[in-house]
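Listed below, chain by chain, are the residues.
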Amino acid sequence: MVRLEETSLPGVGMRYDFDGRFGKRVGVIVHRDGRREMFVSLREDPDACAQSITLDEGEAEVVADLLGGSTVSRRVGQTMQDIEGLAMDWLPLERGSPFAGRALGDSQMRTRTGTSVVAVMRAGQAVPAPGPEFVLEAGDTVVVVGTADGVRRAARLLSSGAEH
């Protein structure tokens, strides 16, 4: 079993790395703006990067798919489940959403689903704690927190306008 280490990088994001089988340290820095920076270093000096490549969100998704899914995503999901009763998800706002082009308050998200919108990601930038006047756009990612059922209802609400 590979031991994945997680390190918070204040103001930057998170660093995930592990010792590879052939003497290399492999890792990814997940920047707060969505960029992923993959790096390889020597096991003896993990801060001395031998090679790195920066990927945007789309490129990172393709690489993750090619590598067979995301251990980090599974770990984050498990961590959220460890906080009893709390669920969090990043919900894409598709072009056909009834809330694209409308104020967040029009969704009545908290009242209808019991979830809170803690941020909206737009063009790689986070908009933390958006107010009810914040206008959602197709392509946004809405970050919600609540119960697992509430998060499922929020996903349905954003996609179809109905929470059930």
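So, here's what we can say about the structure. What you are looking at is a predicted structure, and each value in this text was computed from that prediction instead of being measured.

**Some remarks on the pattern of salt bridges**
Scanning the entire structure with this criterion turns up nine salt bridges. Two residues, R25 and E5, come together in a salt bridge whose shortest N-O distance is 3.0 Å. Here E5 lies in strand 1 (residues 5-9) and R25 lies in strand 3 (residues 24-31), a separation of 20 residues in the sequence. Between D140 and R122 there is a salt bridge whose closest N-O contact spans 2.7 Å. Here D140, found in the loop between strand 8 (125-128) and strand 9 (141-146), pairs with R122, found in strand 7 (residues 116-122); they are 18 residues apart in sequence, far enough to count as distant. The partly exposed category is assigned to R122, whose relative accessible area is 21%.

**Focus: the sheet that holds strand 8**
Backbone hydrogen bonds are what pair the strands of a sheet, in a parallel or an antiparallel way. Taken in spatial order, the four strands line up as 6-9-7-8 in an open sheet, and their pairing is antiparallel. The open sheet has two edge strands with one neighbour each: strand 6 (87-92) and strand 8. The sheet shows a mean angle of 20 degrees between the axes of neighbouring strands, taken without regard to direction. Judged from the six bridges that link them, strand 6 and strand 9 form a sheet pairing that is antiparallel. Within strand 9, the residue paired with A87 across the bridge is G146.

**Some remarks on helix 4 (residues 148-160)**
Relative to the 18 Å expected for 13 residues at 1.5 Å per residue, helix 4 spans 18 Å between its end C-alpha atoms, a close match to the ideal helical length. Here helix 4 has its buried residues at G150, V151, R153, A154, L157 and L158. Looking straight down helix 4, one finds its buried side chains confined to an arc of 160 degrees; they lie on one side. Where the residues of helix 4 are buried, they touch strand 6, helix 3 (109-113) and strand 9.

**As for the nonpolar core**
Counting residues in each nonpolar core, the largest one holds 16 residues, and the members touching the most others are M109, V117, L136, V142, V144 and L158. Elements supplying a minimum of two residues to this core: strand 6, strand 7, strand 9 and helix 4. At four residues, the largest contribution of residues to this core is made by helix 4. Among all residues touching L136, those that are not within four sequence positions of it are L93, F99, A100, G101, R102, L104, V120, R122 and V142.

**Concerning the pairing of strand 8**
Pairing of strand 7 with strand 8 involves four bridges; the strand directions are antiparallel. Paired with R122 across the bridge in strand 8 is Q125. Hairpin connection of strand 7 to strand 8: two residues between the antiparallel strands, including A123 at a positive phi of 50 degrees.

Conventions used here
Residues numbered from 1 in each chain as written. Predicted model: local features only at pLDDT ≥ 70, side-chain atom pairs only at ≥ 80, totals over all residues. Heavy atoms only, no water. Salt bridge = Lys/Arg side-chain N within 4 Å of Asp/Glu carboxyl O. Helix = DSSP H or I, 4+ residues; strand = E, 2+ residues; numbered from the N terminus. Buried < 20%, exposed > 50% of the residue type's maximum accessible area, 1.4 Å probe, protein only. Pairing = 2+ DSSP bridges. Axes fitted to C-alpha atoms, helices over the stretch in contact; angles between N-to-C directions. Expected span 1.5 Å × (residues − 1). Arc of directions from axis to C-beta. Contact = heavy atoms within 4.5 Å. Core = buried A, V, L, I, M, F, W, Y, C linked by side-chain atoms within 4.5 Å.

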